[in-house]
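# Structural characterization, general
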Amino acid sequence: MSDNSVRLRNILQTRLELMPEVAMFKWNQKIPVLDDVREQQLRDKLVRDAMKLGIQQKTAIILLQGQMDAAKHWQMNLIQEWEEKNIHTFKDIRDLTQEIRLDVSRISQELLELIAGMLKEAEKPDFTKLETAPQTIPEAVWNHAIMSIRDLLEGEATGTSL
């Protein structure tokens, strides 16, 4: 696996592994997973950050929406599971705004920087080595996160203008 394939896998895994903690905070605080206003604000900020790195707007939207959708999907599945198990609250969960989102933001920036570099070099990761989900992440969530990046990078590699 190329260094960038390893780096991409690690970044995606690290970002996604924060989602149970995000879900636990939302569960404890009775905050819905879906917040269209917050999501739009976050996507707009990240798209601006991506464009500063040389990523085209449409490309950034595809990349970011895929990652956000994978994260929301996992959060909703976890909350549904907790509802079914009648879980009340989780203890010792970090603050979403002051701590967890800062980690997600930092890792999202790392992802944008890596993708920007890969796009500049017309490099794509070895997706066969990214197909197997880490043990800590459900396969469907992992596949969703990888699929958006594969579509993006393979489209770029074939000259599709995004």
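A brief look at the structure comes next. (Residues numbered from 1 in each chain as written. Predicted model: local features only at pLDDT ≥ 70, side-chain atom pairs only at ≥ 80, totals over all residues. Heavy atoms only, no water.)

The next point concerns unusual backbone geometry. Of note in the backbone geometry, lysine 30 takes a positive phi value of approximately 60 degrees without being a glycine. Positive phi outside glycine occurs at asparagine 86, with the angle close to 60 degrees. Relative to the elements of secondary structure, asparagine 86 occurs in the loop between α4 (57-85) and α5 (96-120). (Helix = DSSP H or I, 4+ residues; strand = E, 2+ residues; numbered from the N terminus.)

Below, the discussion takes up the pattern of salt bridges. Taken as a whole and judged by the stated rule, the model has ten salt bridges. Linking arginine 94 and glutamate 21 is a salt bridge whose minimum nitrogen-to-oxygen distance equals 2.7 Å. Of this pair, arginine 94 sits in the loop between α4 and α5 while glutamate 21 sits in helix α2 (residues 19-29), and the two are 73 residues apart along the sequence. The exposure class of arginine 94 is partly exposed, given its relative accessible area of 25%. Across the salt bridge formed by lysine 45 and aspartate 49, the nearest N and O atoms sit 2.5 Å from each other. (Salt bridge = Lys/Arg side-chain N within 4 Å of Asp/Glu carboxyl O. Buried < 20%, exposed > 50% of the residue type's maximum accessible area, 1.4 Å probe, protein only.)

In a regular helix each residue adds 1.5 Å, so 17 residues correspond to 24 Å; helix α3 (residues 36-52) covers 24 Å between its end C-alpha atoms and thus fits that length. Residues of α3 that are buried: Glu39, Arg43, Leu46, Val47, Asp49 and Ala50. Buried residues of α3 fall within an arc of 160 degrees about the axis and therefore sit on the same side. Summarising the geometry of α3, the exposed residues directed more than 90 degrees from the buried face are Val37, Gln41 and Lys52. On the buried face of α3, the contacting elements are α4 and α5. Note on α3: the residue one or two positions beyond its end, glycine 54, has a positive phi of about 95 degrees. (Expected span 1.5 Å × (residues − 1). Arc of directions from axis to C-beta. Contact = heavy atoms within 4.5 Å.)

A word on the nonpolar core. Counting residues in each nonpolar core, the largest one holds 45 residues, and the members touching the most others are Leu8, Leu16, Met19, Leu111, Ile115 and Ile149. Only α1 (3-17), α2, α3, α4, α5 and α6 (139-157) provide two or more residues apiece to this core. The greatest single-element share of this core, amounting to ten residues, is contributed by α5. Ignoring sequence-local partners within four residues, the contact set of methionine 19 consists of Ala71, Trp74, Gln75 and Val104. (Core = buried A, V, L, I, M, F, W, Y, C linked by side-chain atoms within 4.5 Å.)

Moving on to the packing of α1 against α4. Put simply, α1 and α4 touch, their axes get as near as 10 Å, and they point 40 degrees apart. When the axes of α1 and α4 are compared, the pair comes out oblique. The way α1 lies across α4 gives a crossing that is right-handed. Of α4, the residues touching α1 (which contributes Leu12, Arg15, Leu16 and Glu17) are Gln67, Met68, Ala70, Ala71 and Trp74. Split by residue class, the contact of α1 with α4 holds six nonpolar, one polar and two charged. (Axes fitted to C-alpha atoms, helices over the stretch in contact; angles between N-to-C directions. Parallel < 35°, antiparallel > 145°, perpendicular 65-115°, else oblique. Left-handed = near helix turned anticlockwise from the far one by under 90°. Nonpolar A, V, L, I, M, F, W, Y, C, P; charged D, E, K, R; others polar.)

This next bit is on the side chain of lysine 26. Summarising the element assignment, lysine 26 is placed in helix α2. For the buried residue lysine 26, which engages in no salt bridge, the nearest side chain bearing the opposite charge is aspartate 35, 7.3 Å off. Within polar-contact distance, the side chain of lysine 26 engages the side chain of glutamine 75 at 3.1 Å. Sequence-distant contacts of lysine 26, that is, excluding residues within four places in its chain, are made with Ile31, Pro32, Val33, Gln75 and Leu96. (Lys, Arg positive; Asp, Glu negative; His and termini not counted. Polar contact = N/O pair within 3.5 Å; in protein donor to acceptor, adjacent residues only side chain to side chain.)

Turning next to α2. Turn by turn, an α-helix covers 3.6 residues, leaving residues three or four places apart pointing in a common direction. Counting buried residues along α2, nine of its eleven residues qualify, which places the element largely inside the surrounding structure. If you check which residues of α2 are buried, you get Met19, Pro20, Glu21, Val22, Ala23, Phe25, Lys26, Trp27 and Asn28. Those residues of α2 that are buried lie in contact with α1, α4 and α5. Directly after α2, the chain includes lysine 30, whose backbone phi takes a positive value near 60 degrees.

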